[in-house]
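Fold and geometry: a report
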Amino acid sequence: CSTGIPFEGGLRCLCWKILLNYLPLEKALWSSLLKKQRDLYSQFLKEMIIQPGIAKANLGVSREDVTLEDHPLNPNPDSRWNTYFKDNEVLLQIDKDVRRLYPDMAFFQRPTDYPCLLILDPQNEFETLRKRVEQTTLKSQTVARNRSGVTNVSSPLKTTSNSLSEYEVLPNGCEAHWEVVERILFIYAKLNPGIAYVQGMNEIVGPLYYTFATDPNSEWKEHAEADTFFCFTNLMAEIRDNFIKSLDDSQCGITYKMEKVYSTLKEKDVELYLKLQEQNVKPQFFAFRWLTLLLSQEFLLPDVIRIWDSLFADDKRFDFLLLVCCAMLILIRDQLLEGDFTLNMRLLQDYPISDVHLILKKAKELQDSK
């Protein structure tokens, strides 16, 4: 897998599910496990989207409801309404981010062949996530949870005109791929209140979902949403420390990993290391995004997917990512050695080499030369 998985026959989708510990190595267990997990995901949908949606629809009906024990102004932290409004803040942030996923590709705006029938049944009167977003006029000023350096989370490569950045909502009964991604992230946030949703997670779930939702095997493709959810959850379990601000300076946090990129560079190319140090080009200026988002913002989606083949196949779990970052620096060393601070920052913020095979080859050389 580390040398690149062929897409044909749904091989990549299958390998990723195994590498991300969703499927066991014992092939005979696959069908029962998949059925169990997909049923569990349906259960999550019912509990976290359908039930609150029904409750909201019912409560909105008559005046007397306000006299019930629970009502929208109930200050009690256990109040269902309190939870509902808190969830809406998270939902609005997710909504804003998923609408901007890979704006240069039409895929996320296209309708899925397998809309979630549980939710889109025309008989349903309840409030869906889509309706919640439309009805929530609370302006989402909830970006306070931003990470340091997150201001440069989207790379110049990815920005396009505003008209494209907001996806159209499809007619009733249809559902665009970005709406599926929104649901996955919302359920993840509900099930993981300690971390909830942090900007950038959309960039992690996007390539996973794209890979599963384009699986040539239609039986698997139909369940892309549930399978993505569990693979994303497993992947986040391994990288979530990068997203938790209180861990930034601990040994498992992002600062430590960024420093590690520089200490590896120092071993491999001391001249370049000293130059960047001298110019005060700190790793958090560029490596924060590279590491947190697993390079998903630096390259086009097919290339990101190819890099992830190698990352998921790394048995030391993302040690290889540090080498890839190091290789990216070494491959542009001549430009970096000549450039001043401003020029070098521009190079690192908008990385100039688009041939990922070259980068992976260099990273492999660095690994072998240990």
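Refer to the structure above for everything that follows.
What you see is a predicted model; the values in this text were computed from it and never measured.

Next up on the list: helix α11 (residues 254-268). In this model α11 runs 21 Å from its N-terminal to its C-terminal C-alpha over 15 residues, within 8% of the 21 Å that 1.5 Å per residue would give. Three or more residues of α11 are buried, namely I254, M258, V261, Y262, T264 and L265. Buried residues along α11 cover an arc of 160° about the axis, so they all sit on one side. Check the buried side of α11 and you find it contacts α12 (270-278), α13 (287-292) and α15 (319-331).

This part covers the packing of α11 against α12. It is at 6 Å that the axes of α11 and α12 come closest, and there the two elements cross at 135°. Classified by the angle between their axes, α11 and α12 sit oblique to one another. Mapping the contact onto sequence places Y262, L265, K266 and K268 in α11 and V270, L272, Y273, L276 and Q277 in α12. Across the contact of α11 with α12, the residue classes tally to 6 nonpolar, 1 polar and 2 charged.

Examined against the element boundaries, F341 turns out to sit in helix α17 (residues 341-349). Put simply, F341 and Q279 are 62 residues apart on the chain and 5.9 Å apart in space, counted from C-alpha to C-alpha. Discounting chain neighbours no more than four positions away, the residues touching F341 are Q279, N280, V281 and F285.

As a further point, take the pattern of salt bridges. Summed over all chains, the structure comprises 17 salt bridges. Of the charged contacts in the structure, one is a salt bridge between D309 and R12, with a shortest N-O distance of 2.8 Å. Placement of D309 in helix α14 (residues 301-312) and of R12 in helix α1 (residues 11-19) is noted, with a sequence separation of 297 residues between them. Comparing D309 with R12, the two get one shared label, buried. Note that D227 is salt-bridged to K17, the shortest N-O span being 3.5 Å. Of this pair, D227 sits in helix α10 (residues 224-239) while K17 sits in helix α1, and the two are 210 residues apart along the sequence.

With that out of the way, let us pick up the packing of aromatic side chains. By the definition in use, this model includes 18 aromatic pairs. Here W16 and F312 contribute two aromatic rings whose centre-to-centre distance is 5.0 Å and whose plane-to-plane angle is 75°, an arrangement assigned as edge-to-face. Of this pair, W16 sits in helix α1 while F312 is found in helix α14, placing the two residues 296 residues apart along the sequence. We note that W16, like F312, is buried. Aromatic side chains F44 and F229 sit 5.8 Å apart centroid to centroid with 65° between the ring planes, which places their arrangement in the edge-to-face category. In this pair, F44 sits in helix α2 (residues 30-59) while F229 sits in helix α10, placing the two residues 185 residues apart along the sequence. Taken as a pair, F44 and F229 share a single burial class, namely buried. Following the ring pairs from residue to residue traces out a cluster consisting of Y262, Y273, F286, W290, F299 and Y351. Positioned above the aromatic ring of F212, the side-chain terminus of K17 is 4.4 Å from the ring centre. Note that R38 overlies the ring of W220, its terminal NZ or CZ placed 5.8 Å from the centroid.

Reading the values: the criteria
- Residues numbered from 1 in each chain as written.
- Predicted model: local features only at pLDDT ≥ 70, side-chain atom pairs only at ≥ 80, totals over all residues.
- Heavy atoms only, no water.
- Helix = DSSP H or I, 4+ residues; strand = E, 2+ residues; numbered from the N terminus.
- Expected span 1.5 Å × (residues − 1).
- Buried < 20%, exposed > 50% of the residue type's maximum accessible area, 1.4 Å probe, protein only.
- Arc of directions from axis to C-beta.
- Contact = heavy atoms within 4.5 Å.
- Axes fitted to C-alpha atoms, helices over the stretch in contact; angles between N-to-C directions.
- Parallel < 35°, antiparallel > 145°, perpendicular 65-115°, else oblique.
- Nonpolar A, V, L, I, M, F, W, Y, C, P; charged D, E, K, R; others polar.
- Salt bridge = Lys/Arg side-chain N within 4 Å of Asp/Glu carboxyl O.
- Phe/Tyr/Trp six-rings, centres within 6.5 Å; stacked < 30°, edge-to-face > 60°.
- Lys NZ or Arg CZ within 6 Å of the ring centre and 35° of its normal.

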